Amino acid sequence: MAALEPKNTKAQDKTEDETWFVWPMYLYQGLWCLNYILEGVIAFRTHFQAYDSDIILASLPKTGTTWLKSLIFAIVNRKNLSNDLTQYPFHTKNPHELISHLETKVYLKVNEKLPDLSKIPSPRLFATHMPCYSLPDSIKTTKCRIVCVCRNPLDTFVSIWHFFQEFEACKGIKPDMEMMEKYVDKFCSGVSPWGPYENHVLSYWKESKQNPKKVLFLEYEGLKKEPRDHLKRLVEFVGCPFSEEEEKGKVVDEITEVCSFKSLKEMEVNKSGKVIFGFENKALFRKGEVGDWTNYLTPMMAKQFDQMLEKLKTAGFSFEYYQMNSS
Ligand code: PAP
């Protein structure tokens with residue numbers, strides 16, 4: 001495929017195609033793409049036209065996407081929803097149905113036109129797993145805002161590891177320690193869906209430093225620890241701050257509560273529903289804990305993350321809410 005040109009980072013140096021569970025992965029301009037997503041990625045980059053009012057959630061897989069989708073949706077639509085928890089659409093729709101991923105929404109052939117996105121009420125809410133450097137130009141040149149959420153890489157890996165086992169297509173796989181070691185190795189050398197991990201994180205973090213009005217950079221662990229403060233930052237960033245009355249009232253707690261792990265996990269649609277390519281909604285709500293990696297990774301495996309953490313540190317990035325000590 002002509003578009004798949006290796007570039008010069010560690011992952012990009014690889015000339016061979018990789019696999020992720022049962023799927024081939026391709027390196028597309030420094031981005032590892034599962035084969036079933038590649039055309040959507042290219043179509044999104046080629047055709048997507050951002051509006052100034054758009055709000056785009058950016059995240060690596062398993063770093064808090066579903067949670068942030070619910071929070072952003074609730075915040076933006078709160079005037080129509082508040083005072084009655086039963087009014088929130090999360091009872092009948094998984095957050096992924098309420099905010100589409102652009103590269104999967106445009107799950108189409110490269111040369112086809114995008115579905116008509118112009119009828120979506122303003123502000124249009126979208127999401128992407130793509131790194132900042134891979135975004136279409138119109139996202140960069142318009143005033144649209146990006147909310148990025150990241151998560152410590154060890155928990156991210158453990159979450160991905162479990163998640164992929166939930167795909168119907170992967171049910172025949174019997175994962176063992178040897179396989180896990182192999183996947184830790186892949187992840188830590190930059191080969192993971194929408195990876196390399198550290199390039200993704202750094203791309204948004206750097207942009208948020210240079211252009212704080214454009215990119216809000218959040219940490220999963222921070223959201224867990226201080227949900228109220230983070231919600232305030234979020235509403236202010238997306239341009240719909242809480243009124244004094246709202247601050248005094250119940251709405252902040254209500255949104256935090258309705259979007260919490262426990263609440264979403266218990267919704268019938270997430271116990272039994274199936275929204276996306278071949279897995280059940282319940283796979284999106286595993287444990288929702290910080291530090292769960294200690295239950296799965298051996299010290300040797302955890303040590304392998306050091307190089308990635310070192311790279312982040314050298315670039316000036318450190319997690320504000322998570323003490324990174326892999327050993
Ligand atoms: P996605 O990329 O497939 O959409 P994403 O939502 O980013 O997945 O991540 C899923 C992780 O977030 C899961 O973590 P775990 O495997 O460590 O448990 C999931 O449990 C967690 N999660 C989902 N919803 C919430 C929530 N409301 N609050 C906190 N964590 C959540």
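Residues numbered from 1 in each chain as written. Predicted model: local features only at pLDDT ≥ 70, side-chain atom pairs only at ≥ 80, totals over all residues. Heavy atoms only, no water.

Asker: Would you explain the site of the ligand in this entry?
Answerer: Near the ligand lie 22 residues; those nearest to it are Thr65, Thr66, Ser159, Lys287 and Gly288. Residue Tyr220 places a side-chain N or O atom 2.7 Å away from a nitrogen atom belonging to the ligand. Gly288 is positioned with one of its backbone polar atoms (N or O) 2.7 Å from an oxygen atom of the ligand. When isolated, the ligand has an accessible area of 640 Å², and the protein chains bury 97% of it. In this structure, the ligand is accommodated by the largest pocket. At the level of secondary structure, the elements contributing two or more residues to the shell around the ligand comprise helix H3 (65-76), helix H11 (220-225) and helix H15 (261-266). Sort the elements by how many residues they give to the shell around the ligand and H3 lands first, with three residues. (Near = heavy atom within 4 Å. Polar contact = N/O pair within 3.5 Å; in protein donor to acceptor, adjacent residues only side chain to side chain. Areas by Shrake-Rupley, 256 points an atom, 1.4 Å probe, with all protein chains shown as cover. 1 Å grid on protein atoms, 1.4 Å probe; cavity = no way out; pocket = protein on both sides within 12 Å on 5 of 7 lines; lining within 4 Å. Sits in = over half its atoms within 2 Å of the grid points. Helix = DSSP H or I, 4+ residues; strand = E, 2+ residues; numbered from the N terminus.)

Asker: Please explain empty space enclosed by the protein as it appears in this structure.
Answerer: Using a probe with the size of a water molecule, rolled over the atoms, empty space left in the structure can be pinpointed. A full pass over the atoms with the stated rule returns one cavity of 30 Å³ or more. Counted as a void, the largest cavity has a volume near 40 Å³. Forming the boundary of the largest cavity are Leu60, Thr63, Cys148, Val149, Cys150, Arg151, Tyr197, His200 and Val201. For the lining of the largest cavity, the secondary-structure elements that each account for two or more residues are strand E7 (145-150) and helix H10 (197-210). (Points joined across faces, edges and corners; volume = space filled by probe spheres on them.)

Asker: So what exactly am I meant to see when it comes to H3 here?
Answerer: Because an α-helix packs 3.6 residues into every turn, residues spaced three or four apart end up facing the same way. Across its twelve residues, H3 extends 16 Å between first and last C-alpha, which sits within 8% of the 16 Å expected from 1.5 Å per residue. Counting buried positions along H3 yields eleven of twelve residues, so the element is predominantly enclosed. Within H3, burial applies to Thr65, Thr66, Trp67, Leu68, Lys69, Ser70, Leu71, Ile72, Phe73, Ala74 and Ile75. (Expected span 1.5 Å × (residues − 1). Buried < 20%, exposed > 50% of the residue type's maximum accessible area, 1.4 Å probe, protein only.)

Asker: Please explain the sheet that holds strand E6 (residues 125-128) as it appears in this structure.
Answerer: With parallel pairing, the five strands of this open sheet are ordered in space as E5-E6-E4-E7-E8. Across the chains shown, the open sheet's two edge strands, defined by having one partner strand only, are strand E5 (100-101) and strand E8 (215-219). The pairing of E5 with E6 spans two bridges and is classified as parallel. In the strand pairing of E6, His101 is matched with Ala127. In the packing of H3 onto the sheet, contacts are made with strand E4 (55-59), E5, E6, E7 and E8, and the angle to E4 comes to roughly 165°. (Pairing = 2+ DSSP bridges. Contact = heavy atoms within 4.5 Å. Axes fitted to C-alpha atoms, helices over the stretch in contact; angles between N-to-C directions.)

Asker: For this particular structure, what's the right way to read unusual backbone geometry?
Answerer: A negative phi angle characterises most non-glycine residues, just as the trans form characterises most peptide bonds. The linkage connecting Ser122 with the following residue, Pro123, adopts the cis geometry, with an omega of -5°. In this structure, the amide linkage connecting Gly195 to the following residue, Pro196, adopts the cis form with an omega of 5°. Here Pro196 lies in the loop between helix H9 (177-188) and H10. Although it is not a glycine, Phe21 sits at a positive phi angle of roughly 55°. Position of Phe21 relative to the elements: it lies in the loop between strand E1 (18-20) and strand E2 (23-28).

Asker: Is there a simple way to explain the side chain of Lys69 in this structure?
Answerer: With respect to the secondary-structure elements, Lys69 resides in helix H3. The side chain of Lys69 is buried and forms no salt bridge, while Glu103, the nearest opposite charge, is found at 8.7 Å. Those residues in contact with Lys69 that lie beyond four places of it in its chain are Leu57, Pro95, His96, Ile99, Ser100, His101 and Ala127. (Lys, Arg positive; Asp, Glu negative; His and termini not counted. Salt bridge = Lys/Arg side-chain N within 4 Å of Asp/Glu carboxyl O.)

Asker: Before we go on, may I ask you to explain the nonpolar core in this structure?
Answerer: In a soluble, globular protein the nonpolar side chains are often hidden away together inside. In terms of nonpolar packing, the biggest core is built from 108 residues, with Phe90, Val147, Phe157, Leu234, Leu297 and Phe305 touching the most fellow members. Contact partners of Phe90, with chain neighbours within four places excluded, come to Ser70, Phe73, Ala74, Leu98, Val258, Cys259, Leu264, Met267 and Val269. (Core = buried A, V, L, I, M, F, W, Y, C linked by side-chain atoms within 4.5 Å.)

Asker: Teacher, can you tell me more about the packing of helix H8 (residues 153-165) against H9 here?
Answerer: Packed helix pairs are characterised by how far apart their axes lie and by the angle those axes make with each other. Remark: H8 packs on H9, axes separated minimally by 11 Å, with the N-to-C direction vectors making an angle of 130°. Relative to H9, H8 is oriented oblique. For the crossing formed where H8 meets H9, the hand is right-handed. Residues Pro153, Thr156, Phe157, Ile160 and Trp161 of H8 lie in contact with H9, whose contacting residues are Met179, Met180, Tyr183, Val184 and Phe187. Residue composition of the contact of H8 with H9, by class: nine nonpolar, one polar and no charged. (Parallel < 35°, antiparallel > 145°, perpendicular 65-115°, else oblique. Left-handed = near helix turned anticlockwise from the far one by under 90°. Nonpolar A, V, L, I, M, F, W, Y, C, P; charged D, E, K, R; others polar.)

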